[in-house]
There are 4 protein chains.
Amino acid sequence: MNKVNKLKIFNDPIYGFITIPNSLIFDLIAHKYFQRLRRISQMGMTYLVYPGAHHTRFHHAMGSMHLMQKAVNVLRFKGVDISQEEEDALLIAILLHDIGHGPFSHAMEHSIVTGVSHEAISLLFMERLNQEFNGSLTLAIQVFKGEYHRNFMCQLISSQLDMDRADYLKRDSFYTGVAEGNINAERLITMLNVVDDELVVEEKGIYSVEKFLVARRLMYWQVYLHKTSVVAEQLLMRVLKRAKELSNKGVDLKASSALTYFLKNDINKSNFTIDTLDVFAHLDDYDIVSAMKEWQYHDDFVLKNICSMIINRDLLKVKLKDKKHKIEDVQAHKERLMKQHHISAEEAGYFVFTGEVSNQAYELKSQNINILSKSGKIKDIVKASDQLNLKALSKPVTKYYICYPKE
Amino acid sequence: MNKVNKLKIFNDPIYGFITIPNSLIFDLIAHKYFQRLRRISQMGMTYLVYPGAHHTRFHHAMGSMHLMQKAVNVLRFKGVDISQEEEDALLIAILLHDIGHGPFSHAMEHSIVTGVSHEAISLLFMERLNQEFNGSLTLAIQVFKGEYHRNFMCQLISSQLDMDRADYLKRDSFYTGVAEGNINAERLITMLNVVDDELVVEEKGIYSVEKFLVARRLMYWQVYLHKTSVVAEQLLMRVLKRAKELSNKGVDLKASSALTYFLKNDINKSNFTIDTLDVFAHLDDYDIVSAMKEWQYHDDFVLKNICSMIINRDLLKVKLKDKKHKIEDVQAHKERLMKQHHISAEEAGYFVFTGEVSNQAYELKSQNINILSKSGKIKDIVKASDQLNLKALSKPVTKYYICYPKE
Amino acid sequence: MNKVNKLKIFNDPIYGFITIPNSLIFDLIAHKYFQRLRRISQMGMTYLVYPGAHHTRFHHAMGSMHLMQKAVNVLRFKGVDISQEEEDALLIAILLHDIGHGPFSHAMEHSIVTGVSHEAISLLFMERLNQEFNGSLTLAIQVFKGEYHRNFMCQLISSQLDMDRADYLKRDSFYTGVAEGNINAERLITMLNVVDDELVVEEKGIYSVEKFLVARRLMYWQVYLHKTSVVAEQLLMRVLKRAKELSNKGVDLKASSALTYFLKNDINKSNFTIDTLDVFAHLDDYDIVSAMKEWQYHDDFVLKNICSMIINRDLLKVKLKDKKHKIEDVQAHKERLMKQHHISAEEAGYFVFTGEVSNQAYELKSQNINILSKSGKIKDIVKASDQLNLKALSKPVTKYYICYPKE
Amino acid sequence: MNKVNKLKIFNDPIYGFITIPNSLIFDLIAHKYFQRLRRISQMGMTYLVYPGAHHTRFHHAMGSMHLMQKAVNVLRFKGVDISQEEEDALLIAILLHDIGHGPFSHAMEHSIVTGVSHEAISLLFMERLNQEFNGSLTLAIQVFKGEYHRNFMCQLISSQLDMDRADYLKRDSFYTGVAEGNINAERLITMLNVVDDELVVEEKGIYSVEKFLVARRLMYWQVYLHKTSVVAEQLLMRVLKRAKELSNKGVDLKASSALTYFLKNDINKSNFTIDTLDVFAHLDDYDIVSAMKEWQYHDDFVLKNICSMIINRDLLKVKLKDKKHKIEDVQAHKERLMKQHHISAEEAGYFVFTGEVSNQAYELKSQNINILSKSGKIKDIVKASDQLNLKALSKPVTKYYICYPKE
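Summary of the structure given here. Position numbers for residues start from 1 in each chain and track the written sequence from start to end. Written order determines the labels here, with chains lettered from A and ligands numbered from 1. The model is predicted, so local features are restricted to residues of pLDDT at least 70 and side-chain atom pairs to those at 80 or more, both for listing and for counting; the totals for chains, interfaces and linings are taken over all residues. Side-chain calculation: all heavy atoms of the structure are included, whereas hydrogens and water are not.

1. Considerations on helix H15 (residues 285-295) of chain D
Working note: α-helix, 3.6 residues per turn, so residues spaced by three or four point in the same direction.
Logical step 1: The buried count for H15(D) comes to 11 of 11 residues, which makes it a mostly enclosed element.
Logical step 2: Buried means the residue's accessible area, taken with a 1.4 Å probe over protein chains only, is under 20% of the maximum for its type, while exposed means over 50%, and partly exposed covers the values in between. Each helix is a run of DSSP H or I of at least 4 residues and each strand a run of E of at least 2, with the numbering of both proceeding from the N terminus. Regarding H15(D), the residues found buried are D:Asp285, D:Tyr286, D:Asp287, D:Ile288, D:Val289, D:Ser290, D:Ala291, D:Met292, D:Lys293, D:Glu294 and D:Trp295.
Logical step 3: Looking at the packing, one finds that the buried side of H15(D) touches helix H13 (257-264) and helix H15 (285-295) of chain C together with helix H12 (227-248), helix H13 (257-264) and helix H16 (301-311) of chain D.
Logical step 4: For the purposes of these results, a polar contact is taken to be a pair of N or O atoms within 3.5 Å, where, inside protein, one atom must be able to donate a hydrogen and its partner to accept one; residues adjacent in sequence count only when each atom of the pair is a side-chain atom. The N-cap of H15(D), judged by a side-chain oxygen 2.9 Å from the amide nitrogen of D:Tyr286 a few residues on, is D:Asp284. The contact rule is simple, with two residues in contact once any of their heavy atoms fall within 4.5 Å.

2. Let's talk about the interface of chain A and chain C
Logical step 1: Taken together, the contacts link 8 residues of chain A with 8 residues of chain C.
Logical step 2: The term buried area means the drop in 1.4 Å probe accessible area that two parts suffer when joined, counted for both and summed. A combined buried area of about 670 Å² lies between chain A and chain C, and 66% of that area is made up of carbon and sulfur atoms.
Logical step 3: The largest share of the area that chain A buries against chain C comes from A:Phe17, A:Arg187 and A:Thr190, three residues that together contribute 55% of it.
Logical step 4: What counts as a salt bridge is simple: a side-chain nitrogen of Lys or Arg found within 4 Å of a carboxyl oxygen of Asp or Glu. Our enumeration of links across chain A and chain C arrives at 0 salt bridges.

3. Quick notes on the relation of the copies chain A and chain C
Logical step 1: Overlaying chain A on chain C yields an RMSD of 0.0 Å, the required transformation being a rotation through 180° with an accompanying axial translation of 0.0 Å. Seen this way, the second copy is the image of the first under a two-fold rotation axis. When each C-alpha of chain A is compared by its distance to the rotation axis, A:Tyr15 comes out closest, at 6.0 Å.
Logical step 2: Both copies present the same face, since 100% of the interface residues in chain A are matched by interface residues at the equivalent positions in chain C. The atoms used to superpose the copies are C-alpha atoms, taken from residues with pLDDT of at least 70 in both, and the fit is least squares.

4. With respect to a positive patch on the surface
Logical step 1: Side chains of A:Lys227, A:Lys317, A:Lys319, A:Lys321, A:Lys323, A:Lys326, D:Lys374, D:Lys377 and D:Lys379 sit close together on the surface and give a patch of like positive charge.
Logical step 2: Considering each element in turn, the positive patch owes the most residues, 3 residues, to strand E5 (residues 317-321) of chain A.
Logical step 3: Tracing the backbone shows D:Lys379 in strand E8 (residues 378-380).
Logical step 4: You can call D:Lys379 partly exposed: its relative accessible area is 44%. Patch membership is restricted to residues that have no salt bridge and whose relative accessible area is over 30%. Joining uses 9 Å for like charges and 5 Å for the nonpolar side chains Val, Leu, Ile, Met, Phe, Trp and Tyr. Only the protein chains shown count as cover for residues, with accessible areas throughout obtained via the Shrake-Rupley method and a probe of 1.4 Å. Note on charges: Lys and Arg go in the positive column, Asp and Glu in the negative column, and His and the chain ends are not counted at all. To locate a charge, take atom NZ for lysine, CZ for arginine, CG for aspartate or CD for glutamate.

5. So, the pairing of strand E1 (residues 8-12) of chain C
Put simply, side chains in a regular strand alternate between the two faces of the sheet.
Residues and elements named next belong to chain C.
Logical step 1: Inspection of the sheet shows E1 paired to strand E2 (residues 16-20) by 5 bridges, in the antiparallel sense. Residue pairing in the sheet places Asp12 in a bridge with Gly16 of E2.
Logical step 2: Strands were regarded as paired on the criterion that DSSP finds at least two bridges between them. The antiparallel pairing of E1 with E2 creates a hairpin that spans 3 residues between the two strands.

6. Structural notes on the sheet that holds strand E6 (residues 353-359) of chain C
Residue and element names in this part refer to chain C.
Logical step 1: The strand order across the open sheet built from 3 strands is E5-E9-E6, with neighbouring strands paired in antiparallel fashion. Two strands lie at the open edges of the sheet, namely strand E5 (317-321) and E6, each paired on one side alone. Strand-to-strand, the axes of this sheet are offset by a mean angle of 25°, without reference to chain direction.
Logical step 2: Pairing geometry for E5 and strand E9 (residues 397-404), over 5 bridges, is antiparallel. Within E9, the residue paired with Leu320 across the bridge is Tyr401.
Logical step 3: Of the strands in this sheet, E6 and E9 are in contact with helix H11 (residues 206-224), which crosses E6 at around 160°. In this analysis, axes come from line fits to C-alpha atoms, helices being fitted only over the stretch in contact, and the angle between any two N-to-C directions falls in the range 0 to 180 degrees.

Dropping the structure here:
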C-alpha cells in the first residue's frame, strides 16, 4: 500500500487536528491491540460524577503523541539534535505507553491480575508488536524502559513533566468541564529545553510550572479523588473480588469469555504468559459493565447489590475527612446492616469500609522539574520559585473515607 | 427528604454548569430508566471517525434541559407568561424526549424492534414514570405529544429550532472537534420570542438563523453522513439482522439476557407490551458491543466477519457519489467475494451493497422557522432572508454509496 | 546585531503565539512606519457599538503574517514548491499590505486625501522601505502588485480567500464578541492547494467555504454595516469636510502639525509627493480624536456639534430600510432643525442626510473561490455547492439609511 | 423617555453578553464622564509588549458590573437578603469605581496631579453625578467609601476577591493572550457566600482560590511588571515631569487645552476644585499621545528623545534582577551618555535610572479571603489550604531594574 495514502488527520476537540506522521504509526494505530483502547475509559467511572468524562485511552494516546510532535519541533528549533529514528521512537513509545491498561484504567488494575502493573503489560504488548513489525519498535522500547542513553528522551516519556501528564491533565480537565484544571500544555512545551541531557524549563516558564502544579493538585482533589469517584472505584474492585470468590466456590456467573478466564484463573507475574496476553487483549470496559448488568439479578446478596448500585448509580454514602474514622462507627454501620439484611459480618464488609486517598502535588525525590536560569544554572523548581513555597507541595496529603449504605 | 439537599449542579464542558432546578427533576434523573442513557452513545459509532465523540444521550438530555431553562428565562423577560407548572412540563418533556432510544441511538432503531420509533418508546417510558410519580408528568406528556394548547411550548420541544436540536448540534460539533459545526445556541435563544402563540426569531437574528442552517448542513455532510459513519451503521444493522436469522434457525448465540430476548422475539407495534418495555430498559450499547466481541469468533462466516470488522475498525471500503452505482459493479464485487470465500450470493450481500443518504437542510413544509420583522410581521426565514437563497436548502440532496470489502 | 537575538514571539489572544521568522521582518516591524499602525484602529469607530473592538492595524498585520506562515507550510507539505525567497516575499507583502491606511482605517480614506487609495499609499511606503532596506522588498512588492508570475502567490495576498480576509474576519469577530462571525481560518488553510498556478480549496472543504461566506455576510450586516457604525463613520467624514471648509475660509483650528497640513492642502494623486508621505506617516487616530476634543468647543455650530456627538457618543438617530427614504422626510427634518437652531440649509445638511450601504457576500466576476474536486476538476464554489444557492450571494444587497438629530 | 427602550445588551468577547439592568445605569453609562473611559487604556502602555492589550477602562467597568450581577444572583439564591436598592448601589459603585482614572490608568497617576489617588477623584465624580441625578447615587457612594453597615457589600467592591479584581485579571489575561493568567471568575462567584456579614468562599472552592492567587501572581510578573511595561511607564512619567519643568521655565509646549492646564498648574489635594474636575474630565490617553507626537520634534534634548522612544517603541534597555544594581554601573552609563551627547548629569538622569518593582500575591493583614468549612467555621485561606504554603505568598517579592540607552 502507498505510504502517502496512509497519512491521515484526526479531528481533536482540544488540539484541532492530530496528524499521523508516517505509515508505521498508522499501522500501529490500526492494530486491534491499539483499537481496543477505544473501549477503555480514560477516567474509569468518573463519568458518574462528571457526565462529560467518557473519553478513552485511545484518544489520550493520540493526544500525547501530538504533544510529543510539538516537543520534538520545539527542541529541534532550539538546536537539540534529534534524529528521525529517535523521533519515531519517541512517538511510538508515547503512543503505546498505556496500551497495557485493562478495563476502567486504574480502577481495576489490581483486581483482574495480581501484581502486574499496566506498564509491565504495556511492555509485553510492545514486545509482541515489535515481533510483528520486524523490530521497528526496538528503539521505542528502549526509550519506554528508560534505558536509552539520551536521558531527556526518557524524561519526555516519563517524568513529572512528560507528554503523558501534559495531555491527560488537559484532556481530563476539558472533558470533565473542570475548567480550572486546564493547563497550558502548548506554552509549557514552548519553554522546554535540554541541558546536559536533562529536560529543563526555561526561567520565564517558572510561573507556568507553578500554575501547572497547582492545577494538577486541583484536579486530584476535585476530580480524581472526588469522593464519589472513590466510592465507585471501590465498589468496582469489590465486584471483581466477590465474583472471583463465588467463581472459586464453583458458582456459575454469566460473563464474557475473556472475563471468565480471569475469574477462573489467578493470574500474577509468574503465570502471565503469552496466552494470557491474548485473552487480556480481549478484555475491556464492555466485559465488566455487561457482566454487572447480568449480575445485578444474581442470587448472591453481595454481588447483586454492588452491581445494581453501580449500574443505577445508587452508590454508598461516603464521608471524607482529615482524620481516620473511628472503628466504632464502622462497626455500628456493619451491625445495622447485618441485622437489617440477615447477612454475615464478612458480607456486610462489602458495603461498610474505610480507606484513605493521598496525593503529593510534586515529588521532591525523583524526576524533578528543573528550571534553567538565564545565567545557565539549573535549579529544582522548588528552589527556583522565589515566593510560592513549593516545597510544601511535596508533602503528601492524606484523607480518610468511610463508606456505608444510605439508611 | 429535604428538597434543598437535592439541588445539584453538574459540570458541563460546554455550558459550564447545569443546574437541576427541583426535586422532581432530580428524582427523574436518578431513576434507573434515565441512568440507562449514560450507556447509550449519542452519535452511534461515529467515534470510529471522530475519536472524541463518546458523549451520551444522558449528557445531551441534560444539555437540552439547560437550554430550555435559558429559553424560559428569555421569553419571560420579554413578557411571555409561563407558569411554574408549564416550566416544569417543558423541562421534563425535553429531559425525557430521548429516553426511548435503544443502543447506539439511531443506528439500530429499526433493527431491534420493528416499526416502533424511539419517540413512541419515549412516550411509553414517560407514561410509566407518570404512574410512578403520581401524575406529575401529565402536563409534560401533553407538551411532548404536541397536544398542549400553547403551541410555542410544543415548538420548543420539537420544531426546526427546538432545544433538542440546539443542544445536539452544539454538542456533537464540540465532541467531534468539527469546530465549524458549532452553533451559537445562546445567541439564538436570546432572540426567540412568541407572537400569536408561535415561536419566532427576532429580525436581527436572521443572519444567525442562516448560519445555524449552514452549520447544520455542514454537520450532516461532514459528520452524520460521513461515509465511514454510514458504513459502520450499515454493518451494525447487518449484525443484528444476521444474528436474528441465525437465532431463528436455532443457532446458539452468546448474548446478554436482554439482547437474547430481542433476538428470539420479533417485537413490533402490536406486541410491544409493558413487559417488553422492562426488557428494553435493560438494553444499551454494552449488550451490543459485548455480543459482537463474542460473535467475532462464531462459526458463521457472515456474523464473525462483520463483528470483527466493527470491533477492530477494519471496515468495508465505501464510495460516495452523486449518482446511483451501477448494478454491474455491485455484481462484480459480489462474485469476486463468492469465489474467494466460497459463500452464497445471499451471504456476499452482507458485504457488498449499495444505498443512499439524504439530507434536507431546511424543511419548507412543516415547522417553519419564523422571523419577526421590526414592523411586527412574521415571515418564513426562507422569505425573510434577503439574499441567501435558503429555498435551495429545502431541496433534499441525495448521495449514493457502495460498500465492498478491501481487496 | 545578532540575528538570533532578534527572533521573537508575540502573544496573540487568537492564535496563541505569533513568531517573527527572521531579522528583516523583525526590522520592518520595528520601523516607525510600521509602529504607527499601533495607533490606527482596525475597525474605525466600531468600538462605539462593540466596546471590545479596539484592536489595531498593527495586530491585524501580524495575524495575517502568521496565517501566511501556516499557508506556506500547508502548501509545501502538499508538494507546492515555494522558495525561501518567495516565502519571505509573501510574509512581507501581507505584513505591509495595510501600511498605507490612514486614521480610523476605512472611515476617513476619502476625506484626508482625495482619490488615493490606501493600497496606493501602502505601495509608496513599501517602495520607500525598499530603498532603506537595499532592495530586499523587491519581490514582495511584485507579489503585492499582483505582478509576480506565480498567480497563486498573488491570490494569497489578495483574493476572496486571502490571508488578509481570513485574519480580519476572525479577529473582528473575536474582538467585537460577535462569536457567530467566527471563521475557522486554520481549517480553511488546511484545505488549500495549488492547481495550475491557481489557489484552490479541496472538495472536502466545500461546506467550510460556504460557512465562511455566510459568516462574512453576517459580519457585514451585523457589524461593519451596523447602523450606529455607519452614522459614526458618516459624522467622522463630515468633521473633516467641515474642518477643511473652515480652514479654507481662513478660520483657525487647533490641530496637530500633521493634521493641519492636510487641512490646509488639498492632496490628491497628482500632488502626493514623497514629502506628503512623510507627513502622512505622522497621522493617526490620535490626531483626529484630539482635534475633535478641542473642536467640540469651537464657535462653529456645525463643527462643534458633530465633534461633541462623536466624543460623547451622543449620535444622530439613524433608520435603515430596504427602500430609499422619501425626500420629503429629509426635508422635514432639515426644516425643523433650521428653525430650531437658526441655521442654513447647508448647515442643517450636516445633521440630516441619507445614504446607502451595500454588500455582496461573494463576487462572481473576479477572484473566484475555486473548489478542487476529487476527480481533479476545478469548479467555482458557486457551481460546486450542491444545494445552497450561493449564486444568490453574488447579488449585491443595498440598504438605505436616513440620519437626523434626536428631538 | 420610556424605560424599556433603554434596556440594552452589549456584546462582550469574554462573557458573551452584558445587560444594562435599568434606566439609571443606562444614563450613567451614557454620561460624558463615563464615555471618557472609552479613551483610557486599561493597561497603560502594556500594548507595547502585548499588542492585543488595547481594552479600556470603559470595558472593564462594564465587565465588573456584569460580574456583580452574577454575584448578587448567587448570594440571593443562597438566601442572602439583598434589596433592589442595595443591588443598584452595588452595580453603580462597581461601575463607577474607576471613573477617576486619568490617562493611561496607573502609569501617570502621580504625574498629572500630586497626592490625589484615582479613588479620591472617582469619589469626586460620583458626588458630582449624585447632584445631577438627584441623590440616586447616595447609597452607592456609601458602599464605595466602605461606610455602608453591611460589610460584605463593601467587600464585593473592594477586597482581595472583589468584582473589580475578578474582572480585570480575567480581562487582562484575555486581551494580552497570556492564557495562563486566566481565572475562572464565574466559578469563584458560584462559591461565594455570606456569613456574619463577611464575604466567604465555600470550602469546595479552596483549590480555585489557590489557583486564583497563583494566576494573579503570574499576571504580575509576566505582564504587569514585565520589564518592558515598566520602562515604558517610567518614560511616560518622565515625559510629564520634563514637560512640567519646561513649562515652569516658560518654554512653550504644544498641547491640548486640558493638558496645558495641568502643565501650567501644580494641582494637589488642597487645590483640586470643582473646576479642576471639569478640566480633568477632558483629559485622556489622546491628550498625552498627541502631545508626545508633537514633542518628539521639540528642541529640548530630553523631551524630544523620550517622546520619540515611546512613539516609535524604541525604548531604553532594561535589566531586572533580585539585587540592587550597583551605583557605579548607573554612574558609568550616565557618564557615557553625558559625554556622547554633551548633556548635563541631570539630563542624563532621564535616560539612566534604577528602581524597584514589588508584588505580594496575598495580603495577610487586610481584607483576607475567608474559607467557610463544611462545619461552619471560617478560616483564612492561608490556614485553610492544607498543603500549599500560601503564607509564603504574603511575603512581598521585590525586583530591581536599571534602565539605560542602547549603545
